[in-house]
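Here's the letter readout for the chains.
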Amino acid sequence: MINAANLCIFEGRISRDPQFSTLKFGNENVEKAIFSIAVDRALSSQQRQKVKNGDQTIKTADFIPCSLIGAQVQVLRQYFPKGKSIRVIGHYTE
């Protein structure tokens, strides 16, 4: 169950190829995936104009690190290579 206080929804593109590994829990092997999503920032019209004019000091995207464990890893492996658009719903931890 997801704690509503930490609920996050990120939509963007997978910024690098996911890294897959296997974890051992008792007698079971569980798959794990680590990847990151490039999420575009909402820019003001003034910021967009500066970026259009070549200003590289304005950050246009954030890179959100993500991890999956279990059955969802197979879906990521099969359908979401680098560059593919994705929406992730989960909780944020530091």
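Residues numbered from 1 in each chain as written. Predicted model: local features only at pLDDT ≥ 70, side-chain atom pairs only at ≥ 80, totals over all residues. Heavy atoms only, no water.

**So, the overall build of the protein chain**
To keep it simple, the criterion reads: Numbering of helices and strands starts at the N terminus; helices are DSSP runs of H or I of at least 4 residues and strands are runs of E of at least 2. C-alpha atoms define the radius of gyration in this analysis, and the globule rule sets the expected value at 2.2 Å times the number of residues to the power 0.38. Per-residue accessibility, obtained with a 1.4 Å probe over protein chains only, is compared with the maximum for each type, and a residue is labelled buried under 20%, exposed over 50%, and partly exposed between these values. By definition, residues are in contact when any of their heavy atoms lie within 4.5 Å. Surface accessibility in these figures is a Shrake-Rupley result with a 1.4 Å probe; residues are shielded only by whichever protein chains are displayed. In this tally, Lys and Arg are treated as positive and Asp and Glu as negative; His is ignored, and so are the chain termini. Just so you know, the charge point we use is NZ for Lys, CZ for Arg, CG for Asp and CD for Glu.
When you go through the protein chain residue by residue, the secondary structure sums to two helices and five strands. For 94 residues, the compact-globule formula gives about 12 Å, and the C-alpha radius of gyration of the protein chain, at 17 Å, lies well above that figure. For the protein chain, the spread of C-alpha atoms along the three principal axes comes to 55 × 30 × 20 Å. Looking at the 94 residues of the protein chain, the share that counts as buried comes to 22%. When contacts within the protein chain are restricted to residue pairs at least 6 apart in sequence, those whose partners lie at least 24 apart make up 66%. Total accessible area on the protein chain stands at roughly 7,300 Å², and carbon and sulfur atoms take up 49% of it. Here the protein chain contributes 13 positive and 8 negative side-chain charges, whose respective centroids are spaced 5 Å apart.

**A word on the nonpolar core**
Under the convention used in this document: Think of a nonpolar core as a cluster: buried Ala, Val, Leu, Ile, Met, Phe, Trp, Tyr and Cys residues, connected wherever their side-chain atoms sit within 4.5 Å.
Ile14, Ala33, Phe35, Ile37, Val39, Ile64, Cys66, Leu68, Val73, Leu76, Ile86 and Val88 together form the largest nonpolar core, which totals 12 residues. Of all the secondary-structure elements, those providing two or more residues to this core are strand E3 (28-40), strand E4 (61-69), helix H2 (72-79) and strand E5 (85-91). When residues in this core are grouped by element, the largest group, four residues, is from E3. Here Leu76 is in contact with Ile14, Pro18, Phe20, Ala33, Phe35, Leu68 and Ile86, once residues within four sequence places are set aside.

**Quick notes on the pattern of salt bridges**
Put simply, the rule is: Each reported salt bridge corresponds to a side-chain nitrogen of Lys or Arg within 4 Å of a carboxyl oxygen of Asp or Glu.
In this structure the tally under the stated criterion is four salt bridges. Here Arg41 makes a salt bridge to Asp62, at a shortest N to O gap of 3.0 Å. Placement of Arg41 in the loop between E3 and helix H1 (45-52) and of Asp62 in strand E4 is noted, with a sequence separation of 21 residues between them. Accessibility expressed as a relative area gives 40% for Arg41, which makes it partly exposed. Residue class for Asp62 comes out partly exposed when judged on its relative accessible area of 24%. One network of salt bridges, with partners in common, ties together Arg41, Lys59 and Asp62.

**A short note on the pairing of E5**
How we decide: Only when DSSP finds a minimum of two bridges between them are two strands counted as paired.
Along E5, the buried face is formed by Ile86, Val88 and Gly90; none of Ser85, Arg87, Ile89 and His91, which line the opposite face, is buried. Of the strand pairs in this sheet, strand E1 (residues 7-14) and E5 are connected by seven bridges, and their pairing is antiparallel. By the bridge assignment, Leu7 is partnered in E5 with His91.

**Brief notes about the packing of aromatic side chains**
For clarity, the threshold we go by: Between 30 and 60 degrees the pair is tilted, below 30 it is stacked and above 60 it is edge-to-face, where a pair is any two Phe, Tyr or Trp rings, Trp via its six-membered ring, whose centres lie within 6.5 Å. Whether a charge sits over a ring depends on NZ of Lys or CZ of Arg being within 6 Å of the ring centre and within 35 degrees of the ring normal.
As enumerated under the stated definition, the model contains zero aromatic pairs in all. Cation over ring: Arg77 sits above Phe20, and NZ or CZ is 4.1 Å from the ring centre.

Such coordinate-based values are descriptive only and should not be taken to indicate function.
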